[in-house]
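Coordinate analysis (summary)
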Amino acid sequence: MEIFRRLLKNRISLFGLILLLVFILIALAAPWLAPPKEGSDPYRIPRRGWTLEPTPPSAQYPLGLTQGQYDIYYGIIWGTRTAFRVGMIVIFFRALIGIILGSIAAYYGGILDEILMRFTDIFMSFPYLIGVVVFVSIFGPGLNNVMIPLIALGWMPYARMIRGNILAIKQEEYVLAAKTIGVSDLKIITRHILPNAIFPVLIQASMQIGSIVITVSGLSFLGLGAPEGYADWGQMLSFARNWMLGEQGNVLKYWFTVVYPGLAMVLFVLSWNLIGDAFRDIMDPRLQA
Amino acid sequence: MLSYVVRRLLFLPVVLIGITVLIFALISTLGPWARVATFVPSPDAERHVDLEAMIRKYHLDDPPLKMYARWVNNLLHGNLGWSQSSHMTVMEAIEKRFPATLELTLFAVVPVIIGGILLGVISAVYHNKPVDHATRIVAITLWSMPDFVLGLAVLMVGYGVLGWFPPGRLSAWAELEVLKESFRAFTGMYTIDALLNLRFDIFWDALRHIIAPVITLACLWWAFMLRITRSSMLDVLNQDYVRTARAKGLAEKVVIRKHALGNALIPVTTVAGNMLLGLLGGVMIVETVFNYPGLGLLTSTAATRLDVPCVVGVAVFYAIILVAVNLVVDVLYSVIDPRVRLE
């Protein structure tokens, strides 16, 4: 709670928290802000026509229609849900794998630790984005096929961190006491060790949500992630690529295809980074002075 | 020192084997027919041949271990298969595209390192002063910019509005000049080759094309560099020996330049190495936005067309570079900072 109070006191992180709150509200209120058609998949952006050329903002469609007449306003609102979902799923599984492998390595030590850590090193030296692209080119594009390799190639820092934390508290008396009275290993790890080692890892992990959303959207932008018409900011920006140079004499004619989805992305990521930045300063005892 | 380097060298093959096994395991999930493509050296060999014969010819029904050995053997002989999306062997495609990406990366690294370190130090020295807050906010905003959003913005302004920085790598006329016999290709990097050939018109053209992607890449990584330098400098400035130096009555300038800066830059070396790799990998999106024909564009095009041999070839190529650069950075690190060797 002390941390939370300090986050609220700092003007920069307060701004980040407010931004994030706005996005959470948008995600929660999506069915009311942009009601989907009865019986259709809400994550499919509705088309308001069939011509290719984007339509500028009007009273009826406040943010305009992008290529193929996909509604930009609808896409941004439901895209917020996609962003949260993608970010949270990836982070959850990364942290889970990292915590399991890290605690096993640290708790049992010895040869098992050595093997698991070399295993981590190998995964660490894999070119991250290229790995995702290899996976997608083999299993085909799609949001799930982007998230799987992002999880598989992203758990290593958490494993290392949790291992370091556990090594530091493994020799504490309460752990030794639990061992001597015969508590099972699983129970010692989950009841006594993890509660004291997990917190910084969880914070670090959740602060990564912004950068994960950037990566996934980037892949959608390349056409490797979300399919056409899916409510995903990166996918909407890939439409914009064909139109951003406007036409002769009016280069900024289709500005709304880039600016609105781009703004949504930047603000979303910014909110996470502002909070994360303040967190780092709070957690770093060397900067307390 | 020597034992440290030897230990690192011994781990090198382990990493390479690990990475190739991972990639191979992914390829193995493909059906035999799709896998044939990663072995065939040219499209003619692939056509007119029936599946059974191909599978027999390339022993695709062997046990996995044997198949893996054959695949690695192929890699070692530079046979990475045929790329359907670029109509040449994967090896040729990489040879042709790599200089373009290297050129882009080298151009981007210079402003990132100089600007990032300079502003990082200033930001730390004036900790919590207006300068610090201002650079921090700018850096965080840039760092939150997805590369393709920033790239699209740069392209819209730089080309759409101002007309200064066209996409692509060369104009059509320069493209023809470069292919002529009289133009000697020394490095494959057009700006450098043009200078060596004393063709300043081509140099200017190549420069105009490369500036926009360089700005995009540099902005993103500049912010990262600044952050690392700032926190490392802050750390050093709080150390006892810096306080001692100040207590001796040394001028603040001397304390910062002679005493603090050297130590603050140690972690920056690792980051610089990582950045070089990140730049090489991150070019995929930037090259696609600017239609700049380097390795990144090659990879993303290949991936959207499900050209597995090409993507796998580039992945192996990157992995080797990655491991090599990591090794160099680690060894350099142990030279600069003796404490590392004692671990």
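Since this is a predicted model, take the numbers as computed values, not measurements.

Details of the overall build of chain A
- Helix and strand counts for chain A come out as 13 helices and two strands.
- The principal-axis extents of the C-alpha atoms in chain A amount to approximately 75 × 50 × 40 Å.
- In chain A, of all internal contacts separated by at least 6 residues, the share reaching a separation of at least 24 is 67%.

With respect to the overall build of chain B
- Helix and strand counts for chain B come out as 16 helices and two strands.
- Across the 343 residues in chain B, those meeting the buried criterion constitute 38%.
- Taking as baseline every contact in chain B between residues at least 6 positions apart, the subset at least 24 positions apart corresponds to 73%.

Details of the interface of chain A and chain B
- Residue-level contacts link 42 residues of chain A with 48 residues of chain B.
- Going through the elements one at a time, helix H4 (110-124), helix H5 (128-139), helix H11 (209-221), helix H12 (233-240) and helix H13 (255-283) of chain A are the ones with two or more residues in the side of chain A that touches chain B.
- Its residues assigned to classes, the side of chain A that touches chain B shows 29 nonpolar, nine polar and four charged.

Looking at the nonpolar core
- Formed by 165 residues in total, the largest nonpolar core has its most connected members in Leu152, Val311, Val314 and Ala315 of chain B.
- It is helix H11 (residues 200-237) of chain B that provides the largest number of residues to this core, a total of 18 residues.

A short note on the environment of Tyr68 of chain B
Residues and elements named next belong to chain B.
- Inspection of the secondary structure assignment puts Tyr68 in helix H5 (residues 64-76).
- Assessed through the 18 C-beta atoms surrounding it within 10 Å, Tyr68 is described here as partly exposed.
- Separated by 47 residues in sequence, Tyr68 and Val21 have C-alpha atoms that sit 7.7 Å apart.

Let's talk about the environment of Ala245 of chain B
All names here are of chain B.
- Looking at the element boundaries, Ala245 is found in helix H12 (residues 240-247).
- On a C-alpha basis, the gap between Ala245 and Trp204 in space is 49 Å, while along the polypeptide they are 41 residues apart.
- For Ala245, the contacting residues outside a window of four places in its chain are Leu250, Val255 and His259.

A closer look at the packing of helix H3 (residues 72-108) of chain A against helix H6 (residues 143-152) of chain A
All names here are of chain A.
- Interhelical geometry of H3 versus H6 gives an angle of 35° and a closest axis separation of 9 Å. For the element pair H3 and H6, the recorded crossing hand is right-handed. The residues of H6 that touch H3, namely those facing Val86, Ile89, Val90, Phe93 and Arg94, are Leu143, Met147, Leu150 and Ile151.

Focus: helix H8 (residues 147-161) of chain B
Residues and elements named next belong to chain B.
- With 15 residues, H8 should cover 21 Å at 1.5 Å per step; its first-to-last C-alpha distance of 20 Å lies within 8% of that length.
- Turning to H8, its buried residues number three or more, namely Asp147, Phe148, Val149, Leu150, Gly151, Leu152, Val154, Leu155, Met156 and Gly158.
- Just past H8, the residue Gly163 takes up positive phi, approximately 75°.

Focus: the environment of Pro267 of chain B
All names here are of chain B.
- Positionally, Pro267 belongs in helix H14 (residues 266-289).
- Classification of Pro267 as partly exposed rests on a count of 17 C-beta atoms within 10 Å.
- Considered as a pair, Pro267 and Asp337 are 70 residues apart in the sequence and their alpha carbons are 9.4 Å apart.
- When residues no more than four places from it in sequence are discounted, the contact partners of Pro267 are Ile228 and Ser232.

So, the packing of H3 of chain A against H4 of chain A
Residue and element names in this part refer to chain A.
- Where H3 contacts H4, the two axes come as close as 7 Å, and the packing angle between them is 145°. Relative to H4, the crossing made by H3 is left-handed. Of H4, the residues touching H3 (which contributes Leu101, Ile104, Ala105, Ala106 and Tyr108) are Gly110, Leu112, Asp113, Leu116 and Met117.
- Of the residues contributing to the contact of H3 with H4, the split by class is eight nonpolar, one polar and one charged.

Rules used throughout
Along every chain, residues carry numbers that run from 1 in the direction the sequence is written. All chains are assigned letters beginning at A, and all ligands numbers beginning at 1, according to the order in which they are written. Local features in a predicted model are, by the rule used here, given only for residues with pLDDT of at least 70; side-chain atom pairs are given and counted only at 80 or more, and totals for whole chains, interfaces and linings are based on all residues. Helix and strand assignments follow DSSP, with helices taken as H or I runs no shorter than four residues and strands as E runs no shorter than two, numbered in order from the N terminus. Residues are scored as being in contact if the C-beta atoms we place from backbone atoms lie within 7 Å. The burial criterion counts other C-beta atoms lying within 10 Å of a residue's C-beta, which is placed from the backbone; the residue is buried at 20 or more, exposed at 12 or fewer, and partly exposed between these limits. Any residue that is not Ala, Val, Leu, Ile, Met, Phe, Trp, Tyr, Cys, Pro, Asp, Glu, Lys or Arg is counted as polar, Gly included; the first ten are nonpolar and the last four charged. Note on definitions: a nonpolar core is a set of buried residues drawn from Ala, Val, Leu, Ile, Met, Phe, Trp, Tyr and Cys, linked by C-beta atoms within 7 Å. Axes, fitted as lines to C-alpha atoms, cover a helix only where it is in contact. Angles between the N-to-C directions of the axes lie from 0 to 180 degrees. Should the near helix be turned anticlockwise from the far one by less than a right angle, the crossing is termed left-handed; should it be turned clockwise, right-handed. Multiplying one less than the number of residues by 1.5 Å gives the expected span of a helix.

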